Amino acid sequence: MERLQFIAGERRAGAGAALTITEPATGAEITTGAGADAADVAAAVAAATAAFPGWAGRTPGERSDLMHAWAGLLRERAAEFAAVESRNAGKPIRLAEGFDVPGTIDNVAFFAGAARNLEGKASAEYSADHTSTIRREPVGVVGSIAPWNYPLQMAAWKILPAVAAGNTVVLKPSELTPLTSLLFAETAVAAGIPAGVINILTGTGELAGAALVSHPDVAMVSFTGSTRVGRQVAATAAGAVKRVHLELGGKAPFVVFDDADLEAAARGAVAGSLINVGQDCTAATRAYVQRPLFDEFVGRVADLMDRVRLGPVDDPTTDMGALITRAHRDKVIAMVERARDAGAKVVRGGRIPEHTPAAGHWFEPTLITGAAQDSEIVQQEVFGPVLVALPFDTDDEAIALANDTPYGLAASAWSTNVFRTQRAAREIRCGCVWLNDHIPIISEMPHGGYGASGFGKDMSLYSFEEYTNVKHVISDITAVARKPWHEVIFMAE
Ligand code: NAD
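Residues numbered from 1 in each chain as written. Predicted model: local features only at pLDDT ≥ 70, side-chain atom pairs only at ≥ 80, totals over all residues. Heavy atoms only, no water.

(A) Examining the overall build of the protein chain more closely. Along the protein chain, the regular secondary structure elements total 15 helices and 20 strands. The globule rule puts the C-alpha radius of gyration for 493 residues at 23 Å, and the 24 Å found for the protein chain is close to it. By the burial criterion, 55% of the 493 residues in the protein chain qualify as buried. Carbon and sulfur atoms provide 55% of the accessible area of the protein chain, an area that totals close to 19700 Å². (Helix = DSSP H or I, 4+ residues; strand = E, 2+ residues; numbered from the N terminus. Rg over C-alpha atoms; globule rule 2.2 N^0.38 Å. Buried < 20%, exposed > 50% of the residue type's maximum accessible area, 1.4 Å probe, protein only. Areas by Shrake-Rupley, 256 points an atom, 1.4 Å probe, with all protein chains shown as cover.)

(B) Layout of the pattern of salt bridges. Across all of its chains, the model carries 29 salt bridges by this definition. One salt-bridge network, in which partners are shared between bridges, spans Asp258, Asp259, Asp395 and Arg420. (Salt bridge = Lys/Arg side-chain N within 4 Å of Asp/Glu carboxyl O.)

(C) A look at the sheet that holds strand S17 (residues 410-414). The 7 strands are arranged S14-S15-S16-S13-S12-S17-S18 in an open sheet whose pairing can be described as mixed. The strands lining the two open edges of the sheet, one partner per strand, are strand S14 (345-348) and strand S18 (432-435). When the angles between neighbouring strand axes are averaged without regard to direction, this sheet yields 25°. The pairing of strand S12 (residues 252-256) with strand S13 (residues 284-290) spans 5 bridges and is classified as parallel. The residue of S13 that forms the bridge with valine 255 is tyrosine 288. Along the sheet, helix H10 (residues 291-306) contacts S12, S13, S14, strand S15 (366-369) and strand S16 (386-392); its crossing angle with S13, the most-contacted strand, is approximately 140°. (Pairing = 2+ DSSP bridges. Axes fitted to C-alpha atoms, helices over the stretch in contact; angles between N-to-C directions. Contact = heavy atoms within 4.5 Å.)

(D) Representation of the packing of aromatic side chains in the model. Scanning the entire structure with this criterion turns up 8 aromatic pairs. With a centroid separation of 4.9 Å and 80° between ring planes, the pair formed by phenylalanine 110 and phenylalanine 111 is classed as edge-to-face. A single burial state applies to phenylalanine 110 and to phenylalanine 111, both of which are buried. An aromatic cluster is built from Phe110, Phe111 and Phe464, whose rings are joined through pairwise contacts. (Phe/Tyr/Trp six-rings, centres within 6.5 Å; stacked < 30°, edge-to-face > 60°.)

(E) H10, seen in detail. Along its 16 residues, H10 runs 23 Å from first to last C-alpha, staying within 8% of the 22 Å computed at 1.5 Å per residue. For H10, the set of buried residues is Leu293, Phe294, Phe297, Val298, Val301, Ala302, Leu304 and Met305. Along its buried surface, H10 packs onto S12, helix H9 (262-274), S13, S14, S15 and S16. (Expected span 1.5 Å × (residues − 1).)

(F) Broad picture of the site of the ligand. As a structural note, the neighbourhood of the ligand is formed by 29 residues, with Ala146, Ser226, Leu248, Glu381 and His447 the closest of them. Contact between the ligand and glutamate 175: an oxygen atom at 3.2 Å from a side-chain N or O atom of the residue. A distance of 3.4 Å separates an oxygen atom of the ligand from a polar backbone atom of glycine 225. For the ligand, the accessible surface in isolation is 850 Å², of which the surrounding protein chains cover 90%. (Near = heavy atom within 4 Å. Polar contact = N/O pair within 3.5 Å; in protein donor to acceptor, adjacent residues only side chain to side chain.)

(G) Representation of the domain arrangement of the protein chain. As assigned here, the protein chain comprises domain 1 (5-248 + 453-473) and domain 2 (252-435). Taken together, the contact pairs 24 residues of domain 1 with 30 residues of domain 2. For the pair domain 1 and domain 2, the summed buried surface comes to about 2000 Å²; carbon and sulfur atoms form 58% of the total. Area buried by domain 1 at its contact with domain 2 is led by Arg94, Trp148 and Ser453, which between them contribute 26% of it. At the junction of domain 1 and domain 2, the tally comes to 1 salt bridge. Note that arginine 94 and aspartate 319 form a salt bridge whose closest N and O atoms lie 3.0 Å from each other. For the pair domain 1 and domain 2, the number of links is 13 residue pairs in polar contact (both at pLDDT 80 or more). (Domains from an automatic or database assignment. Buried area = accessible area lost by both parts, 1.4 Å probe.)

(H) Focus on the packing of helix H13 (residues 395-402) against helix H14 (residues 418-427). Relative to each other, H13 and H14 sit at 30°, their axes nearing to 10 Å. If you check the angle between H13 and H14, you find them roughly parallel. When you trace H13 past H14, the crossing you get is right-handed. Residues Asp395, Asp396 and Ile399 of H13 pack against Arg420, Arg423, Ala424 and Glu427 of H14. Among the residues making up the contact of H13 with H14, the classes are represented as 2 nonpolar, no polar and 5 charged. (Parallel < 35°, antiparallel > 145°, perpendicular 65-115°, else oblique. Left-handed = near helix turned anticlockwise from the far one by under 90°. Nonpolar A, V, L, I, M, F, W, Y, C, P; charged D, E, K, R; others polar.)

(I) View of H13. Listed as buried for H13 are Ala398, Ile399, Leu401 and Ala402. Buried residues of H13, viewed axially, fall in a sector of 165°; they line one side. Buried residues along H13 sit against S12, S13, S16 and H14. (Arc of directions from axis to C-beta.)

(J) Representation of the sheet that holds strand S5 (residues 124-127) within the structure. Reading across the sheet, the 3 strands line up as S5-S6-S20 and stay open at both edges, with antiparallel pairing between neighbours. The sheet is open, and its two edges are formed by S5 and strand S20 (468-476), each paired on a single side. In this sheet, adjacent strand axes meet at a mean angle of 45° when their direction is disregarded.

(K) Spatial organisation of unusual backbone geometry. Unusually for a residue other than glycine, alanine 8 sits at a positive phi of about 55°. You can see alanine 8 is positioned in the loop between strand S1 (5-7) and strand S2 (10-12). Judged by relative accessible area, alanine 8 falls into the partly exposed class, the value being 32%. The backbone phi angle of serine 460 is positive, close to 65°, even though this residue is not glycine. As for its placement among the helices and strands, serine 460 is situated in the loop between strand S19 (454-455) and helix H15 (464-467). Overall, the relative accessible area of 0% leaves serine 460 in the buried class.

Here you go:
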């Protein structure tokens, strides 16, 4: 039995029910252990509470040095992290080595630097009788909850801005994919970050997640996951008037105008929709293609999808891995079947691929046309390797269709006309618009949604807005007992 909790700087066994961690690609068991229950949550929050004054009291420079040391250790262990991530999340080793792990290390290095850039406004006399200064203070113990699609990157996005700003963290990764989060926290302690600053609870959402959100000593909840669970988390936090940061689902449009570089758009659509088997909140899911290009776009995407290689995730030639669980694959299959029943055409894929392990959760790259704009496959998050392509006629229509879901996380527009791309950037309502690309993320730049995709930012200096309180300190500079403003209250000499 593996000890799946990391509390106060050490691995511990949970007190909850047994958990088995499996490989999505093969169904094979990786390890077993006990999940966290409410007592483990209490112990982790107590460890984070105890560590908070010391960590918040470190200078930004001290926190920065420790985080740089952490980035160094992660670089040394990059291959190990990639192997564990690939196996536990069912993703090709090329993706883990080329995206998940280097992206995380870059995030750590970025926040090591950013720790020294926390600042408020300059002091000034906004009133003639006072000097105002701004203190930017950590919020306290942050309860973070992460999903299974990019386990290491999501752990990093939750932990890094919080600890760089002087908070301490209790992170609950998905119970399906806790392994790299545990390694990540262990490496932090090995780099000298004090025990208790980062704690990891492996447990279910219903038990450990809910207990973490409602714990009275958790000052803030930072959640990445589905819109459905995000709503519940926000409702619980509202009861205690806790600060909440929500990064939720997405349904990104991919708008191709008739002057686009068609080859670039087709390649972008395949990479953008199939990344991480489509289990990416920013994945391209709705390709709106101007009618003169539509048939050729569909043909090119279908041809490229035929060339996507499915295979063992540790094989460096494998392009696409497996979905996370059998239940999730069943959901993806059911959504594709309902689209077919409603009259859509499945141009490519839509089936369980041959020659993949039967106990794994594989699904073919899938391209759908002929779906109605108001149908489930166009409106709801599939979170699988499924791209729907629909034609449009006018630019106005394209923008309206792109905005026609409750989500607002990301979008892309493809055109060689700068006026069209700039209009799309301006008028599509979401947190990130790519122009002639789709997917790349950057540590220095924010990630976050509008509407049903949540609020608040991950990465970048903007994330400090979530993880700090702004305090106004207002100092009298008159040095007199009878202050001028007292006149409006009482006039006694
Ligand atoms: P999920 O909402 O089912 O679970 C997310 C996390 O919440 C897990 O750790 C889970 O155990 C926990 N949880 C479940 N019920 C809970 C409860 N009642 N109280 C507290 N915690 C609870 O999501 P998922 O299936 O793990 O991940 C996929 C979803 O995450 C997709 O909707 C995807 O779009 C979203 N996502 C969003 C972003 C973003 O940045 N916006 C990034 C990655 C994933």
